[in-house]
Structures are given as structure tokens and as C-alpha cells.
Amino acid sequence: MFHSLANHAARLLMKLLFACVARVRVVRRENANHNGGFLLAANHISHFDPFIISSVVRRKIDWMAMAEFFPYPVLGFLLRAVDAFPADRHRADRTTIRTAIERLKHGRIVGVFPEGGIRDGARSLLEGAPMRPGASTLAHIAGAPIVPSVIVGSDRLYSKKSWLSLRRPPIWVAFGDPIPHFPNLEKSAARARTERELAAAFKILYAELRETFSLTPNDLPHPPRERMQVELPIEETAGSHAPKLSGPRVRTFRRFTAIAVDSLMCTSLNVMQSRHRLHARSRDEFEIYVTECEKLTTNDFYAVPVGCGLAGEIGDGATVTWRSPISTKFPANNIARADLFACARGWSAPTVLVLHALMSASDKGYRCWAARFNELGWNACFVHLPYHYSRVPRGYWNGELAITADLIRNAEGLRQGVIELRQLMAALRECGCREFGVLGTSYGGWIGALLAIVERDFRFLALMAPIVNVEHAIWESPASAFIRRELHRANIERSLVARHFHLSSPTHNQPLCRADCVLFVAGEFDLIARLADIEKIQQKWSGSELLRVPQGHFGYRMIRETIARLKERG
């Protein structure tokens, strides 16, 4: 009943929303409304496609969605509520395949995008680009037909003008005739024929839409970035050129989208915090802990125990694991791990330590950048930070326990991460490595900044949106509203927490390495790691550099510009 209500509510909301901002025109709607299970295969030109297609089909569609969306509490909950299920874009996932087949055999519609991502121009199957074989494989195994669908015009919704103008841009959707799974043919022959007929159907439907509605070049798919930055008039004639948005208008749009995304993610983090009601320690416990920590320097707090025997484990292996020097009540978190990516020069080459963000949804992007560093003659180590990836205790989300209202666990997690990195660096030195780099994001940037306080052998530290102002992170950040409530309930006040800042706050320390090795990267519209806080530490760490990027805390623009700046610096 819950899923039924959620799907009806979502469908009604989408119909109302897109009726206000667009004119959706549908060709052969009945092809998608017949009974029985089938695959609905569509081209993919925008993130709005599944919502628009679902709003014009009477029956419910169970969409395969990118697996990266599901670890976020609010977004993952909403996707599951409407019966979407995760699919890995980079490999065949047996769980995904079984889920799709089971739903097809129960007479449901499963929605897929055979292109594997948003495509336009020559990369689109509308222009003859090859499709991934997953749809034909699923159809053959499940014994279900495939209904092709082509959508055009939804990419216009990336433009702010489309949402604010009263002249609603048109969107066109066409559904083709079902393509059978050819049970009388051998598996490979059946798949090949299905793919040929599906590819032909996409081209025919695309040509039909262009001819029936006299589509102009502006109507046809454009890259999302181009739609965001260019004001194309709705009724543009072929061959005309649209003016680009002025700088202030682009900046306003980016600020709006960045704040919206950051606000949504902050809500997700607060929901995550309330899921298990992770209460703060008592005030007495925390005061005892802080009193003991006040006796320590940063070198004492992050001291490396002698002889972990890690150097002999590195070799040419793809992964190295060792027992963490700090023991927690979660056995899974007590085993440190780093994934190794060696370049052709071996471990005598400089090594970059890749430190991921809090609750990072996937390590695939980081692994891609590790490969890029290998090409540049650097080794790379993707480090599993405390309570993340292989170190997540059963029953918890990735990184859920790293930052909670339990401030003692937070501090010990930071300490654990820094000491483990120092152990890894010591082992790499034994293997001949003499220089290191750090590529840290958000929580990883925080740990990277703390590492700079106690280590000196760095060629660079690129700290992207690092948490450097711990006072703001706890008492003012919109991502920690639930944490504050628990701290107030435990009578833990600001002045008590501030007594630990000499160990946990980068702003309250100076780097041991050369400051000119440090590159701070800040999002201009960041609600979590504020630009003003990163400007402050950049000025305090005299000689460091600050790179400003027009995005919020969450986004992919920052890492590209960071790598580009590192290349410029040599």
C-alpha cells in the first residue's frame, strides 16, 4: 500500500509540475499501456527523462537508477518508495539483473536507458551510436518484449528560463511497437537481432518526431552544460545563433542550484543522524576525555606506534590491510585498508594519497583519477577512512558513524585516520618513496589538513572543501542540526568542545610541511565548508594558495579544476 500511494503521489506531482513548465506531446501512448511485463527502453538526454516518461504512462514504471544515488538517505528513500532499484553503470550486477527479471516475470514494466548515461549528438543512439547489451540480455532471459521510446526536448529544462517563462517549451515523447525476444533463436542470435531492431526503432521514432512536429536544430538534444549556459529562444529557426547568458546571470543560476543541492544533502545528513538516534556521550565523559587531551600536543595525539610491519605487505599487491592502532567497539572498523595503484616506475615514484568525502557514494571516480595520476608517473593509494567502505559495521550506512553527536568517536575517528595515513607513509618510505601528495575532499580534506600538521614530505596537498572551522561545523552548519540538538540535551556547551580544537581544528594549527605546497579549493556557494573559513586558514597558512570554484559543497566541477591547477603548478 505504501509503494502504491507513493507512486500515485509521485505521478500526480510530476504531471502537475511538467504541465506548468512544459507542453508534453505524446505519440502512440497506447504502446506503453498494454498489459503484461515488458522493458521500456528510452534514449537519455536529461535527468528529467524518467519523470516525464512516467508522467505520461498510465502504468507504473520501475526504473533502473544509478547506484550512486541510493546511499544518500533522503534520495535513496524516495527512489525506493517509487520502486526504482540501483544499477551499476560500469559492470553487470547480478542483484540488479535478478531484480529486473523478477519484476518482468511478475508483469511489471522495467525502465532502462540502453545508453548507460546522458548522451547527445554523435554519442547518442539516436545518431547511430552503439548501445549497451543489457536490455537485449534482460529481455531474452525474462522472455519479455521491449517497447522503444524516444524523448526530445527535455534537455531544455536545464535552462532557468524554461522554468520562469510563461512560454512553456514543448517536449515530445514517442513510443514504438513492442520488439519480441525471439525465443526460437539461439541466445546470441536473439540478442543481436533484438539490438538491431531496437536501434532501428530509435532512428525511426526520432525521424518521425522531427518530421511530424517540424523540429528545428534547437529542439534537438543539446549537452546539459550548453542548455544551462545559453539562452536559446523557444521558437528558434535553423541556422540562427543564440546569445550567451551574461556572467551575473550564470552566477545567479549556479548559486541557486548549488544552494538547493547543498540544502537537500544537509537534510539527508540530518535524517541519517536521526535514523539510529546516536546520542552524545554524557557531559562528564566528554569532560574527562577533553581534560586528558589538553595534556597532549598534536605530535602526541597523532603519534605512530613503532613497527606495524606494513612495508612488506605493499609489494605489487592491489590492496593492503593492517590492524588499526586504535581499537573501537566495531571490529570491521579496526582493520585499516588502502587500495594501491602503482605506476610503471614502482614505489620509488612519488605517491598521492586519495582521501574521500564523508559518506562518499562510490569510489569509481576516485579510482579513475588514480589511473590519471599513474599516467603522470605517480603512484596512488585510495585509503578507506574510518567507518567507510570495507570498514562499515553491519547494519550501518557508509560513513554513518564517522560524524555523529558522539564527539569522542568523531575525534578518535580523525585520530585513527591520521595515524593510519602516517603508518602507510612510513611503509612507503621503506619501499623507496620520498615524496607524497594528498587529494582530499570534504572529510578527507579535513584529515589531509591534520596530516599536514604532523608530516612534512609533501609535493602538494590539494584540500577540496575541507572542514577547517570545526566550531562552525558543529554549532552553525545546516548539516549538523540534529547533532546540536543532542549536544544541547547532554549540556555540552561550546566552550567545552573548544578545548579540543588544538588537536582537531586545522584553523587552530600551522602546517609542519611548507605552506606553499598547500592548495585550498573552496566552493563559492558552499554552505558546509564556507568560503570565508577557507579564506581565513589560507591567510593563516601563509604561502598557501586558494582556488575558488563556482559550486556548492556537492558537485563535480571542483575536482576537475583542482587537477587542472595541479598540472599548472607542475
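Residues numbered from 1 in each chain as written. Predicted model: local features only at pLDDT ≥ 70, side-chain atom pairs only at ≥ 80, totals over all residues. Heavy atoms only, no water.

To continue, consider the confidence of the model for the protein. Considering every residue of the protein, the mean pLDDT works out to 88; 92% of them sit at 70 or more. Element-level pLDDT for the protein is lowest in helix H12 (residues 311–314), with a mean of 70, against a maximum mean of 97 in helix H15 (residues 443–454). Here residues 230–246 is a poorly scored stretch, pLDDT under 50, and it has 34 contacts once near neighbours within four places are set aside; other chains count. (pLDDT = per-residue confidence, 0-100. Helix = DSSP H or I, 4+ residues; strand = E, 2+ residues; numbered from the N terminus. Contact = heavy atoms within 4.5 Å.)

Judged by pairing direction, the sheet is mixed, and its eight strands sit side by side in the order S8-S9-S11-S10-S12-S13-S14-S15 without closing on themselves. The open sheet is flanked by strand S8 (319–323) and strand S15 (545–549), the only strands paired with a single partner. Going from strand to strand, the sheet's axes swing by 20° on average, the running direction of each strand aside. Its contacts with the sheet place helix H20 (residues 531–540) against strand S14 (518–523) and S15, and it is angled at close to 165° to S14. (Pairing = 2+ DSSP bridges. Axes fitted to C-alpha atoms, helices over the stretch in contact; angles between N-to-C directions.)

Here we come to the environment of Ala515. As for its position among the elements, Ala515 is in the loop between helix H19 (501–504) and S14. Since its relative accessible area comes to 14%, Ala515 is described here as buried. (Buried < 20%, exposed > 50% of the residue type's maximum accessible area, 1.4 Å probe, protein only.)

So, on to the sheet that holds strand S1 (residues 23–27). Spatially, seven strands are ordered S1-S7-S6-S2-S5-S3-S4 in an open sheet, and the strand pairing comes out mixed. Among the strands making up the open sheet, the edge pair consists of S1 and strand S4 (85–87). Across the sheet, the axes of successive neighbouring strands diverge by a mean angle of 25°, strand direction being ignored. The pairing of strand S3 (residues 61–66) with strand S5 (residues 109–112) spans three bridges and is parallel. In the sheet register, Asp62 faces S5, and the bridge partner there is Val110. Sitting on the sheet, helix H2 (residues 49–56) is in contact with S1, strand S2 (38–42), S3, strand S6 (146–152) and strand S7 (170–175), with an inclination near 180° to S3. Strands S1, S2, S6 and S7 of the sheet are contacted by helix H7 (residues 187–212), whose axis makes an angle of about 35° with S6.

Let us now look at the packing of helix H13 (residues 364–375) against helix H21 (residues 557–568). Between H13 and H21, whose axes approach to 13 Å, the crossing angle comes to 15°. The pairing of H13 with H21 is recorded here as roughly parallel in orientation. For the pair H13 and H21, the crossing hand works out as right-handed. Contacts between H13 and H21 pair Trp369, Arg372 and Phe373 from the former with Ile559, Arg560, Ile563, Leu566 and Lys567 from the latter. Its residues assigned to classes, the contact of H13 with H21 comprises five nonpolar, no polar and three charged. (Parallel < 35°, antiparallel > 145°, perpendicular 65-115°, else oblique. Left-handed = near helix turned anticlockwise from the far one by under 90°. Nonpolar A, V, L, I, M, F, W, Y, C, P; charged D, E, K, R; others polar.)

With that out of the way, let us pick up the packing of helix H14 (residues 407–430) against H15. As a packed pair, H14 and H15 sit with axes 10 Å apart at the nearest point and diverge in direction by 60°. Relative to H15, the element H14 is oriented oblique. You can see that H14 and H15 cross each other, and the crossing is right-handed. Where H14 abuts H15, its residues Gly413, Leu414, Gly417, Val418, Leu421, Arg422 and Met425 lie against Tyr443, Trp446, Ile447, Leu450, Leu451 and Val454. Of the residues that constitute the contact of H14 with H15, the class distribution is ten nonpolar, two polar and one charged.

Taken together, the side chains of Arg11, Lys15, Arg29 and Arg58 define a basic patch exposed on the protein surface. Inspection of the secondary structure puts Arg11 in helix H1 (residues 2–21). (Patch = residues over 30% accessible without salt bridge, like charges linked within 9 Å, V, L, I, M, F, W, Y side chains within 5 Å. Areas by Shrake-Rupley, 256 points an atom, 1.4 Å probe, with all protein chains shown as cover. Salt bridge = Lys/Arg side-chain N within 4 Å of Asp/Glu carboxyl O. Lys, Arg positive; Asp, Glu negative; His and termini not counted. Charge placed at Lys NZ, Arg CZ, Asp CG, Glu CD.)

Another aspect to go through is the packing of aromatic side chains. With the rule as written, the count across this model stands at 13 aromatic pairs. Considering the side-chain rings of Phe330 and Tyr387, the 6.0 Å spacing of their centres and the 85° angle between planes classify their relative orientation as edge-to-face. Note that Phe330 is positioned in the loop between S8 and strand S9 (335–341) and Tyr387 in the loop between strand S11 (379–384) and H14, a separation of 57 residues in sequence. Here Phe330 falls in the buried class, since its relative accessible area comes to 11%. Looking at Tyr387, the relative accessible area reads 3%, which means it is buried. Between Phe373 and Trp378, the aromatic rings sit 6.4 Å apart at their centres with planes inclined by 65°, giving edge-to-face as the arrangement. (Phe/Tyr/Trp six-rings, centres within 6.5 Å; stacked < 30°, edge-to-face > 60°.)

What follows concerns the nonpolar core. With 106 residues, the main nonpolar core has Leu353, Leu424, Leu439 and Leu461 as its most contacted residues. Per-element accounting of this core gives the leading share, eleven residues, to H14. Apart from the residues lying within four places of it in its own chain, the contact partners of Leu353 are Cys381, Leu421, Leu424, Met425, Gly437, Val438, Leu439 and Leu451. Ranked by size, the runner-up nonpolar core spans 35 residues in total, among them Phe85, Ile179, Ala201 and Leu220. (Core = buried A, V, L, I, M, F, W, Y, C linked by side-chain atoms within 4.5 Å.)

Moving on, we get to unusual backbone geometry. At Arg28, a residue that is not glycine, the phi angle is positive and equals roughly 55°. Relative to the assigned elements, Arg28 resides in the loop between S1 and S2. On the accessibility criterion, Arg28 (28% relative accessible area) is partly exposed. The backbone of Phe182 sits at a positive phi, close to 50°, despite the residue not being glycine. Structurally, Phe182 can be placed in the loop between S7 and H7.

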